[in-house]
Amino acid sequence: CLGLGLVPLAGTVLAYWGPPGLVSVPLDLVAVGWTLLRSIALALSVCLVAFLLGAPFAWAQARWRYPGQALLSRLTVLPLVLPSFLLAITVREAMAPKGLLGEHLGLVGRFEGFWASVLVLGCACAPYVQLTLASAISALPRDQEEAAQSLGASGWRVLWEIQLPLLRPAIAFGALLVLLYAIADFGAVAVLSTRVLTWELFQAAKYGGPSPAVLGW
């Protein structure tokens, strides 16, 4: 997976030394660098939001028993069936100054840009975190936790010393899924006018835009 993730970056570098001829504007390594940094910052921010949203639902799904649990577990993964651009349009219109939420929150101006994309993609990716962690949490050995608690370990100590080490593979896998999704997404960032690699690629390929440096992507 890591090797596949490095392919686009290698393509960008190769395109700098030998432009593919799709546009007439020469490639610019400075533009490549800034666009790459924005994309990485977006992916990391989306990953953080996805874990903040998905991890509590994963714990509730795996460990808690309450009325309506099955319904809530299904509702929280609904973003999986929605294309990112549709989710972005819905949130953008709701957050507009005259929108369902924007009017009550007193928002001014269009809901778009970097942080708007972070919110939308974080919501879109939260189910990946939820499903990955819920499965891992369900498989945690309860006997080790109960033994530690019987010896006086606090809940936080059980979490840090027993549960988290066992959950690291699931956390890493969920983070990888979210990072790859966020970097590869075009629908949401296009709707929300966020200048990252996929958006710049579209601009360069269609309009011969100002930042064709991402043609290697």
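Below: a short report on this structure. (Residues numbered from 1 in each chain as written. Predicted model: local features only at pLDDT ≥ 70, side-chain atom pairs only at ≥ 80, totals over all residues. Heavy atoms only, no water.)

### So, the pattern of salt bridges
Next, step 1: If you walk through the whole model with that rule in mind, you get three salt bridges.
Next, step 2: With a closest N to O distance of 3.2 Å, arginine 92 and glutamate 93 form a salt bridge.
Next, step 3: Note on arginine 92: relative accessible area 18%, which makes it buried.
Next, step 4: Where glutamate 161 meets arginine 157, a salt bridge forms, and the shortest distance between an N and an O atom there is 3.2 Å. (Salt bridge = Lys/Arg side-chain N within 4 Å of Asp/Glu carboxyl O. Buried < 20%, exposed > 50% of the residue type's maximum accessible area, 1.4 Å probe, protein only.)

### Here we look at the nonpolar core
Next, step 1: Residues Leu42, Val46, Val120, Leu133, Ile137 and Val178 are the most contacted members of the largest nonpolar core, which totals 36 residues.
Next, step 2: Elements with a minimum of two residues in this core: α2 (29-63), α4 (84-94), α6 (114-138), α8 (155-184) and α9 (187-191).
Next, step 3: Among the elements that take part in this core, α6 stands out by supplying eleven residues, more than any other.
Next, step 4: Residues in contact with valine 120, not counting those within four places in the same chain, are Ser84, Leu87, Ala88, Val91, Ala188 and Leu192. (Core = buried A, V, L, I, M, F, W, Y, C linked by side-chain atoms within 4.5 Å. Helix = DSSP H or I, 4+ residues; strand = E, 2+ residues; numbered from the N terminus. Contact = heavy atoms within 4.5 Å.)

### Structural notes on the packing of α6 against α8
Next, step 1: Contact geometry of α6 with α8 gives a least axis separation of 9 Å together with a crossing angle of 160°. With respect to α8, the axis of α6 lies roughly antiparallel. For the element pair α6 and α8, the recorded crossing hand is right-handed. Mapping the contact onto sequence places Leu121, Ala124, Cys125, Tyr128, Val129, Thr132, Leu133, Ala136 and Ile137 in α6 and Leu167, Ala170, Ile171, Phe173, Gly174, Leu177, Val178, Tyr181 and Ala182 in α8.
Next, step 2: Counted by class, the contact of α6 with α8 contains 16 nonpolar, two polar and no charged residues. (Axes fitted to C-alpha atoms, helices over the stretch in contact; angles between N-to-C directions. Parallel < 35°, antiparallel > 145°, perpendicular 65-115°, else oblique. Left-handed = near helix turned anticlockwise from the far one by under 90°. Nonpolar A, V, L, I, M, F, W, Y, C, P; charged D, E, K, R; others polar.)

### Quick look at α6
Next, step 1: Taking 1.5 Å of rise per residue, the 25 residues of α6 would be expected to cover 36 Å, and the 35 Å separating its terminal C-alpha atoms lies within 8% of that figure.
Next, step 2: Along α6, the sharpest kink reaches roughly 35°, centred on alanine 124 and followed within four residues by the proline proline 127. (Expected span 1.5 Å × (residues − 1). Bend = angle between axes of the 7 residues up to and from the residue.)

### Comments concerning a nonpolar patch on the surface
Next, step 1: There is a patch of nonpolar side chains on the surface, built from Leu71, Leu75, Leu78, Leu80, Val81, Leu82, Phe85, Leu86, Ile89 and Leu131 and spanning about 860 Å² of accessible area.
Next, step 2: For the nonpolar patch, the secondary structure elements donating two or more residues are α3 (69-75) and α4.
Next, step 3: The greatest single-element share of the nonpolar patch, amounting to three residues, is contributed by α4.
Next, step 4: In this structure leucine 82 comes out as partly exposed when scored by relative accessible area, which is 35%. (Patch = residues over 30% accessible without salt bridge, like charges linked within 9 Å, V, L, I, M, F, W, Y side chains within 5 Å. Areas by Shrake-Rupley, 256 points an atom, 1.4 Å probe, with all protein chains shown as cover.)

### With respect to the side chain of serine 84
Next, step 1: As for its placement among the helices and strands, serine 84 is situated in helix α4.
Next, step 2: Classification of serine 84 by relative accessible area gives buried; the value is 8%.
Next, step 3: Excluding its chain neighbours within four sequence positions, the residues that come into contact with serine 84 are Val120, Leu121, Tyr181, Asp185, Gly187 and Ala188.

### Quick notes on the side chain of serine 73
Next, step 1: Residue position: serine 73 is located in helix α3.
Next, step 2: Ignoring any residue separated from it by four or fewer positions in sequence, one finds serine 73 in contact with Gln61 and Gln130.

### Observations concerning the packing of α4 against α6
Next, step 1: Where α4 contacts α6, the two axes come as close as 10 Å, and the packing angle between them is 130°. Relative to α6, the element α4 lies oblique. Crossing hand, α4 versus α6: right-handed. Across the interface between the two elements, Ser84, Leu87, Ala88 and Val91 of α4 pack against Val120, Leu121, Cys123 and Ala124 of α6.
Next, step 2: For the contact of α4 with α6, the residue count by class is seven nonpolar, one polar and no charged.

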